[in-house]
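Residues per chain are reported as follows:
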Amino acid sequence: MKLWQAEWCPHSHRVRQRLTELGQNWHAHQVAADRESRDEMEEAVGTREIPTLVTDDGETFTGTDTILPFLDRTFERRTDADRHRARAIAEVPYFEENRDH
């Protein structure tokens, strides 16, 4: 899977966290901070919005409201998912979305 995202984006962080809890690998594409500078992204995936996830089958999901439900219905949680979440909360407490399941 390919994730178009930015490290500073809390929505991108939430998707990365869920991918980790589900034990999924992905390739991160870092995007420009300014939406108007994301021409390459728009050419590749048809949007400038982050996060955007492209599956191995070529399906595209944009925004946490579509990405997270897709991930949850497609993949099983790792047995250590709760420990991953606890570590994320301990290490990055300012990301409030770490507390949501």
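Conventions we followed
Residues numbered from 1 in each chain as written. Predicted model: local features only at pLDDT ≥ 70, side-chain atom pairs only at ≥ 80, totals over all residues. Heavy atoms only, no water. Helix = DSSP H or I, 4+ residues; strand = E, 2+ residues; numbered from the N terminus. Rg over C-alpha atoms; globule rule 2.2 N^0.38 Å. Buried < 20%, exposed > 50% of the residue type's maximum accessible area, 1.4 Å probe, protein only. Areas by Shrake-Rupley, 256 points an atom, 1.4 Å probe, with all protein chains shown as cover. Lys, Arg positive; Asp, Glu negative; His and termini not counted. Charge placed at Lys NZ, Arg CZ, Asp CG, Glu CD. Expected span 1.5 Å × (residues − 1). Contact = heavy atoms within 4.5 Å. Pairing = 2+ DSSP bridges. Right-handed = clockwise from strand over helix to strand, strands pointing away. Arc of directions from axis to C-beta. Core = buried A, V, L, I, M, F, W, Y, C linked by side-chain atoms within 4.5 Å. Salt bridge = Lys/Arg side-chain N within 4 Å of Asp/Glu carboxyl O.

Caption draft 1: Up close: the overall build of the protein chain. A count of helical and extended segments in the protein chain gives 4 helices and 4 strands. Put simply, the protein chain runs from its N terminus to its C terminus through helices and strands in the order β-α-β-α-β-β-α-α. Compactness check: the protein chain gives a C-alpha radius of gyration of 13 Å against a globular reference of 13 Å for 101 residues, within 12% of the reference. With respect to the principal axes defined by its C-alpha atoms, the protein chain has extents near 40 × 30 × 20 Å. Burial status across the protein chain gives 42% buried among its 101 residues. Per element, the accessible surface of the protein chain, about 6,100 Å² overall, is 45% carbon and sulfur. Charge-centre separation for the protein chain: the mean point of 14 positive side chains lies 5 Å from the mean point of 21 negative side chains.

Caption draft 2: Fine view of helix α1 (residues 10-21). A rise of 1.5 Å per residue sets the reference length of α1, with its 12 residues, at 16 Å; its end C-alpha atoms lie 16 Å apart and thus fit the reference within 8%. Along α1, the residues classified as buried are S12, H13, V15, R16, Q17, R18, L19 and E21. For α1, the elements touching its buried residues are β1 (2-5), α3 (64-74) and α4 (81-91). After α1 finishes, the residue G23 shows a positive phi value of roughly 70°.

Caption draft 3: Expanded view of the pairing of β1. Pairing analysis gives 4 bridges linking β1 to strand β2 (residues 27-30), with the strands arranged parallel. For Q5, the partnering residue across the bridge sits in β2 and is Q30. In the classification by handedness, the crossover that spans β1, the intervening α1 and the parallel β2 is right-handed. The sheet contact formed by β1 and strand β3 (residues 52-54) spans 3 bridges and is antiparallel. Paired with W4 across the bridge in β3 is T52.

Caption draft 4: A look at α3. Listing the buried residues of α3 in full gives T64, I67, L68, F70 and L71. Buried positions in α3, seen along its axis, are confined to an arc of 160° and lie on one side of it. Of the exposed residues in α3, the ones pointing more than 90 degrees away from its buried face are D65 and R73. Those residues of α3 hidden inside the fold are in contact with α1, β3 and β4 (60-62).

Caption draft 5: Up close: the nonpolar core. Membership of the largest hydrophobic core is limited to 11 residues, which are M1, L3, V15, L19, L22, L53, F61, I67, L68, F70 and L71. Judged by nonpolar contacts, the second largest core, of 8 residues, contains W4, C9, V31 and I50.

Caption draft 6: View of the pattern of salt bridges. Tallied over the entire structure, the rule returns 8 salt bridges. Between D80 and R78 there is a salt bridge, and its shortest N-O distance comes to 2.7 Å. When its relative accessible area of 16% is taken as the criterion, D80 is described as buried. It is possible to trace a salt-bridge network through shared partners that takes in R18, E21, D72 and R85.

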